[in-house]
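# Descriptive structure summary
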Amino acid sequence: MVYVIPVKQENYVRAVLETLTPFLKLTEYEREIISQMLTSNIKTINTKTRQDLITLLDTDYYTLANYLKKLKDKHILVDTGYGLALSAELANSLYDKEINISFKILQDEVNQG
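This is a predicted model, so every value here is computed, not measured. (Residues numbered from 1 in each chain as written. Predicted model: local features only at pLDDT ≥ 70, side-chain atom pairs only at ≥ 80, totals over all residues. Heavy atoms only, no water.)

## Re the overall build of the chain
Along the chain, the regular secondary structure elements total five helices and three strands. The linear arrangement of helices and strands in the chain, starting from the amino end, is α-α-β-α-α-β-β-α. Against the compact-globule benchmark of 13 Å for 113 residues, the chain has a radius of gyration of 17 Å, which places it well outside the compact range. Projecting the C-alpha coordinates of the chain onto the three principal axes gives extents of approximately 55 × 35 × 25 Å. Residues counted as buried form 32% of the 113 residues belonging to the chain. The long-range fraction of contacts in the chain, counting pairs at least 24 apart against all pairs at least 6 apart in sequence, stands at 50%. Accessible area for the chain stands at about 8,400 Å²; split by element, carbon and sulfur atoms hold 53% of it. Taking the average location of the 13 positive side-chain charges in the chain and that of its 15 negative ones, the two points are 3 Å from each other. (Helix = DSSP H or I, 4+ residues; strand = E, 2+ residues; numbered from the N terminus. Rg over C-alpha atoms; globule rule 2.2 N^0.38 Å. Buried < 20%, exposed > 50% of the residue type's maximum accessible area, 1.4 Å probe, protein only. Contact = heavy atoms within 4.5 Å. Areas by Shrake-Rupley, 256 points an atom, 1.4 Å probe, with all protein chains shown as cover. Lys, Arg positive; Asp, Glu negative; His and termini not counted. Charge placed at Lys NZ, Arg CZ, Asp CG, Glu CD.)

The structure is reproduced here in structure tokens:
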């Protein structure tokens, strides 16, 4: 089954992140950080872009640092050696304009004995 979600270009990133939230366990603020990164064309979070994000999100250094750590712990952001960047898997999904979700039915271990 294919379910097409109509969305305007300017709302695309937010729509994808909201759709993936049950799988990625993202909070509203984490979605906002990722959305701001993508819409502001911030590929890597380093000293300069971190300050840009602080301004864009109207937040402080410590609040942003806490959320960036949470995103890193969830493997949404990865350390590139030059800063933090979106994981390749999530970035590719966002740029491809298509996401496929499939289900794998797990076998009940009790019934296999």
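Now that the structure is up, let's keep going.
## Description of a nonpolar patch on the surface
Judged by side-chain polarity, Phe23, Ile99, Ile101 and Phe103 come together as a nonpolar surface patch covering roughly 440 Å² of accessible area. Within the fold, Ile101 resides in the segment after α5 (88-96). Residue classification places Ile101 among the partly exposed residues on the basis of a relative accessible area of 43%. (Patch = residues over 30% accessible without salt bridge, like charges linked within 9 Å, V, L, I, M, F, W, Y side chains within 5 Å. Salt bridge = Lys/Arg side-chain N within 4 Å of Asp/Glu carboxyl O.)

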